[in-house]
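Notes for the structure review
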2 protein chains.
Amino acid sequence: MSPQATEQALSRPADNLSIARAVRLWPIEEIAHRLGVPGEAVEPYGRGIAKLDLTAMTALAERPRGRYVVVTSMTPTPPGEGKTTTAIGLVQGLQRLGHTATVALRQPSMGPTLGLKGGATGGGYSQVLPMERINLHLTGDIHAVGAAHNLLAAMVDNHLHHRLEPELDPREVRWQRVIDLNDRALRHLVMGLGGRGDGIPRQGGFEITAASEVMAVLALADSLVDLRRRLGRVIVGLDRSGAPVTAEQIGAAGAMTVLLKEALKPNLLQTLEHAPALIHAGPFGNIAHGNSSIVADHIGLHAGDFVVTEAGFGADMGAERFFNIKCRASGLVPDAAVLVVTVRAMKYHSGRHQVVPGQPLPASLLAESPDEVREGGANLLKQIDNVRAHGLNPVVAINAFPSDHASEVDAIRELAASVGVRAELSRHVSDGGEGALALAEAVAEAAEAGGDFRFLYPAEMPLTAKIERIATRLYGAEGVDFAPGVRARLEAWEHEGYGDLPVCIAKTHMSLSSDPARLGAPTGWRLPVREVRLSAGAGFVYALAGDIRTMPGLNASPAATRLDIDDEGNTVGLY
Amino acid sequence: MSPQATEQALSRPADNLSIARAVRLWPIEEIAHRLGVPGEAVEPYGRGIAKLDLTAMTALAERPRGRYVVVTSMTPTPPGEGKTTTAIGLVQGLQRLGHTATVALRQPSMGPTLGLKGGATGGGYSQVLPMERINLHLTGDIHAVGAAHNLLAAMVDNHLHHRLEPELDPREVRWQRVIDLNDRALRHLVMGLGGRGDGIPRQGGFEITAASEVMAVLALADSLVDLRRRLGRVIVGLDRSGAPVTAEQIGAAGAMTVLLKEALKPNLLQTLEHAPALIHAGPFGNIAHGNSSIVADHIGLHAGDFVVTEAGFGADMGAERFFNIKCRASGLVPDAAVLVVTVRAMKYHSGRHQVVPGQPLPASLLAESPDEVREGGANLLKQIDNVRAHGLNPVVAINAFPSDHASEVDAIRELAASVGVRAELSRHVSDGGEGALALAEAVAEAAEAGGDFRFLYPAEMPLTAKIERIATRLYGAEGVDFAPGVRARLEAWEHEGYGDLPVCIAKTHMSLSSDPARLGAPTGWRLPVREVRLSAGAGFVYALAGDIRTMPGLNASPAATRLDIDDEGNTVGLY
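Residues numbered from 1 in each chain as written. Chains lettered and ligands numbered in written order. Predicted model: local features only at pLDDT ≥ 70, side-chain atom pairs only at ≥ 80, totals over all residues. Heavy atoms only, no water.

**A few points about the overall build of chain A**
- Looking only at helices and strands, chain A has 22 helices and 26 strands in total.
- What you see for chain A is a C-alpha radius of gyration of 23 Å, in line with the 25 Å of a compact globule of 575 residues.
- Among the 575 residues that make up chain A, the fraction classed as buried is 65%.
- In chain A, the share of contacts with a sequence separation of at least 24, taken over all contacts with a separation of at least 6, comes to 75%.
- With the model as given, the accessible surface of chain A reaches about 19100 Å², and the carbon-plus-sulfur share is 50%.
- The averaged location of the 64 negative side-chain charges in chain A is 3 Å from the averaged location of its 54 positive side-chain charges. (Helix = DSSP H or I, 4+ residues; strand = E, 2+ residues; numbered from the N terminus. Rg over C-alpha atoms; globule rule 2.2 N^0.38 Å. Buried < 20%, exposed > 50% of the residue type's maximum accessible area, 1.4 Å probe, protein only. Contact = heavy atoms within 4.5 Å. Areas by Shrake-Rupley, 256 points an atom, 1.4 Å probe, with all protein chains shown as cover. Lys, Arg positive; Asp, Glu negative; His and termini not counted. Charge placed at Lys NZ, Arg CZ, Asp CG, Glu CD.)

**Points about the sheet that holds strand E7 (residues 168-173) of chain B**
All names here are of chain B.
- The antiparallel open sheet is built from three strands, whose spatial order is E7-E12-E13. Every other strand in the sheet has two partners, leaving E7 and strand E13 (244-246) as the edge strands with one partner each. On average, each strand axis in the sheet is inclined to that of its neighbour by 50°, with strand direction left out of account.
- Pairing of strand E12 (residues 235-239) with E13 involves three bridges; the strand directions are antiparallel. Residue pairing across strands places glycine 237 opposite valine 245, the latter belonging to E13.
- Its contacts with the sheet put helix H8 (residues 141-161) on E7 and E12, and the angle it makes with E7 is roughly 130°. (Pairing = 2+ DSSP bridges. Axes fitted to C-alpha atoms, helices over the stretch in contact; angles between N-to-C directions.)

**Description of the sheet that holds strand E21 (residues 503-506) of chain A**
Residue and element names in this part refer to chain A.
- Reading across the sheet, the three strands line up as E21-E24-E23 and stay open at both edges, with mixed pairing between neighbours. Looking along the sheet, the strands with just one partner apiece sit at the ends: E21 and strand E23 (531-535). Here the strands of the sheet are splayed against their neighbours by 25° on average, with no regard to which way each runs.
- For E23 and strand E24 (residues 540-544), the ladder comprises five bridges, and the chain directions are antiparallel.

**Digging into the side chain of histidine 302 of chain B**
- Checked against the element boundaries, histidine 302 of chain B lands in helix H13 (residues 294-302).
- Once residues within four sequence positions are removed from consideration, histidine 302 of chain B is found in contact with Leu60, Ala61, Arg63, Pro64 and Arg65 of chain B.

**Focus on the relation of the copies chain A and chain B**
- With an axial shift of 0.0 Å and an RMSD of 0.0 Å, the rotation relating chain A to chain B amounts to 180°. Expressed as an axis order, the relation between the two copies is that of a two-fold axis. Every residue of chain A has its C-alpha some distance from the rotation axis, and the shortest such distance is that of tyrosine 45 of chain A, at 1.9 Å. (Least-squares fit on C-alpha atoms with pLDDT ≥ 70 in both.)

**As for the nonpolar core**
- Core analysis: the biggest nonpolar cluster contains 150 residues, and Leu152 of chain A together with Leu152 of chain B have the highest contact counts within it.
- Those residues within four positions of leucine 152 of chain B in sequence are excluded, and the remaining contacts are Trp175, Val234, Val236, Ala247, Ile250, Ala252 and Met256 of chain B.
- Ile134, Phe306, Ala397 and Leu439 of chain A belong to the second-largest nonpolar core, a separate cluster that totals 65 residues. (Core = buried A, V, L, I, M, F, W, Y, C linked by side-chain atoms within 4.5 Å.)

**With respect to unusual backbone geometry**
- Cis peptide bonds are those with omega within 30 degrees of zero, and the linkage from leucine 129 of chain A to proline 130 of chain A qualifies with -10°.
- With respect to the secondary-structure elements, proline 130 of chain A resides in the loop between strand E6 (126-129) and helix H7 (131-135).
- Backbone geometry places arginine 163 of chain B, a non-glycine residue, at a positive phi of 50°.
- Relative to the assigned elements, arginine 163 of chain B resides in the loop between H8 and E7.
- Residues other than glycine seldom take positive phi values, yet alanine 281 of chain B does so here, at roughly 70°.

Note that all results are geometric; they support no functional claim without further evidence.
Right, dumping it as structure tokens:
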């Protein structure tokens, strides 16, 4: 594809669809077979999609473990820097080098797909197929999470209605309902109206399903029994004496597990170049850990030479949780990390450009300016340091755009080299795996060399200290300001036995700091923690350090209005 | 199976699960192959389940059409008389006679499965498998209906929020939200609270997904293009001038269609005896027509000798809609009808027993009493007459229970014979297809003889007259009392071009009348029509003649509390 054609593809992303349609999928059984997954563990779910039964984990456990690679990024611009395409391109590159490599990704939420951004399956010549199924329903896992979550909610209100024991305080119910759509009108509501047969009137609301603790549980569970145990621990509210009430006490955990039985099986698909892709679970990247499932990684690691998995947002967010929450839960040790950067994001972090979320990036970002790249370099260096804080030396992947200039790419290479990091230009969007060969070689070497992986904090560190460690060591804050009551709340949880949990800090992903307007690597600021919450089932405490939306809204012209079928029944308007 | 064992099986329905587990499923591709469905139209969705692409309809269209059989019943007792098991047993019996026969059923709603009744996949030796998947999610069709429905709802509120044209009146929004759970606390709510960024405050509520007009549309559409057209016609509310606003005007119909693309493909499964089963769509039987999908029937009819389909509730309800709504929409002509009766229901209609919904049937119903059977016979005779009103002479299927006495079965046979109707005892629950051979022979003969099928009313009859025709001719009412404004409303729709639509009367299914306490064949009563509503997308007007719940609640000990996994990960508590 010529640079001109690529420029067009990137400016008219509908072309992703025509690229995808030109590819003939391989039978998914063939993809599974190449991974060595036993045939009886492969359950096709429509063309090109299969669920892998967890018996595959047992069957593959004897085989040697492959290398575990996480793809993260510098602090992104609003449209993102291409972690997904890089992860996909990288496995395609590794495959061209003769390796068996699987990409492990989150399932995209349907709300944003129908709202603002269109699809989320990669782009250009680094896509996972079939995009229509991935973006809409896939095999129904998100719906199953929603059903399990909302069953618990219905049982909580039923518990109130019939005044069952333990007696819940209706003012202290913390379990919202969820839906996989952007629906702002459901954020805040008063329900249980109508009369004495229609429940107990109380305040409630909906979040998008990706924000459900059940989604985080699905991503972190390593077996059906573990899933059952975690669901039982979920706290739904307080009883009249102020003591927590769990899903186990409501009697819902067994049914929730049964509703999630199919959803716990990872979904196997393929990239445009027929590399295996496991798309499984999609927890939020702010109030939850934002990583795909542990079971998918387990299967992929014993089924080939590499698993490449993407962690949401920048290295301060997704990678930090990958290391300290996901790897702690799984016991898996990562071998290498990739830090995705773009010329445009480097320039953006110079602070010299006005970028408005939801609007196209300004044309000024396209003009050649290696100086601006260097000015934005503080962010890259800080995020490199954030990965190193966990004992891994990252490989920098420069995700190529047609508007890049050689001088700018060189400036990135020089910056990385100045701190001993290798940076490779990757043309996976325009050229597929062929364009990612240099990156793949660098990653393979880094993984072979391995690292000295370590957690950022030990489990036994007090919860307040864990938050302070992340804020000061990774975000570059001078300290943490806890709102009144927050320290006491954290100490109370420590007394209740939750002190060993990791923490998850919900802040903006648009800055290393808690202020989205502060670019580069801000210093001289303190992290404000307004509130803390406990995801006892998923197994982490999360701290709110910013205004986090858990239910998006639609704009005045949602993507859904452009989605339709043509006369032949083909889907149009999805990309 | 001995009568004692059967008695136990019926009183301990958990045994359904052990019967089911003892059967080895055939590969679903094999079932499809025997139907002559081209391999490329068969999309496996996990073990023992496939979706059939609608290209199967075109591929099979050249083949001769099989016989079309509807299974209905007398007015049921609260636990039902076994239409589903009879339909399943009948195809198993037809298969033993050497025919290719497919059973076409609705997908059970998950709300009741998790609420009161456990599973809905037949029972004993007449079941469809795998029961766990059928009862929970299946292939996700109900979730897709919910997503399409709720996308439209979110877009309606977004339309209000951004004050888009045409300007909806927030007090006149008629499009609720849906969820596939029993959740009474969501029946009535005030939403859009929170502030200026959180939508427009207004009254709203949730119904169970089976009550969605989208579900009725899915069941009645005969192609993707027809689905798209019907969804566009759905009315969501009124604008400021009082004119109806459609999903097309909101810009949602295309996206809804895309969300339903997979859901429009029927689900192929198998019975315990490996007879094909198409389980597809599950509209309510009161405010909607309560029949499975037209596309499934089309495929089944051209893929074998018989399609046996079940219509919800008694012949006055499900069969009437099957004939006058579903067959009118499909253009398909039924060849035979089966009327399911039980000894216990006959005695129940004597009015001599106290039956409380939700509680076990009283022991008094088990004592031998052919006189009570005869006393309850008025209901059977009226429902036979209701089928005959459509030009078909039904076969009566006496669904055998271990507590039946020969004298009682004989009394039913004599009653049926007295009006020229054949009645056959069917032991399909205890003996599978072998137990349904006599019934299968009778049905095959009746279908061969055919009938003189006719609609109960012509399309051009005024809407009020259609309601009166059903009420007087089928229900036995002396007339209809329309509440103030209802006649004017119906006339207004006639002027707006909806006069040709069929009507659907939402009344209790527990009586031929609108009063659930009146058993047998009540006379001397009038049908009260409180309100009428328009399902412009599905294509019918519905009249509310009773207190119809579209969102069930959970009882104090929901079935979900007994659902769990055992140590091996097997599901327990589902039956």
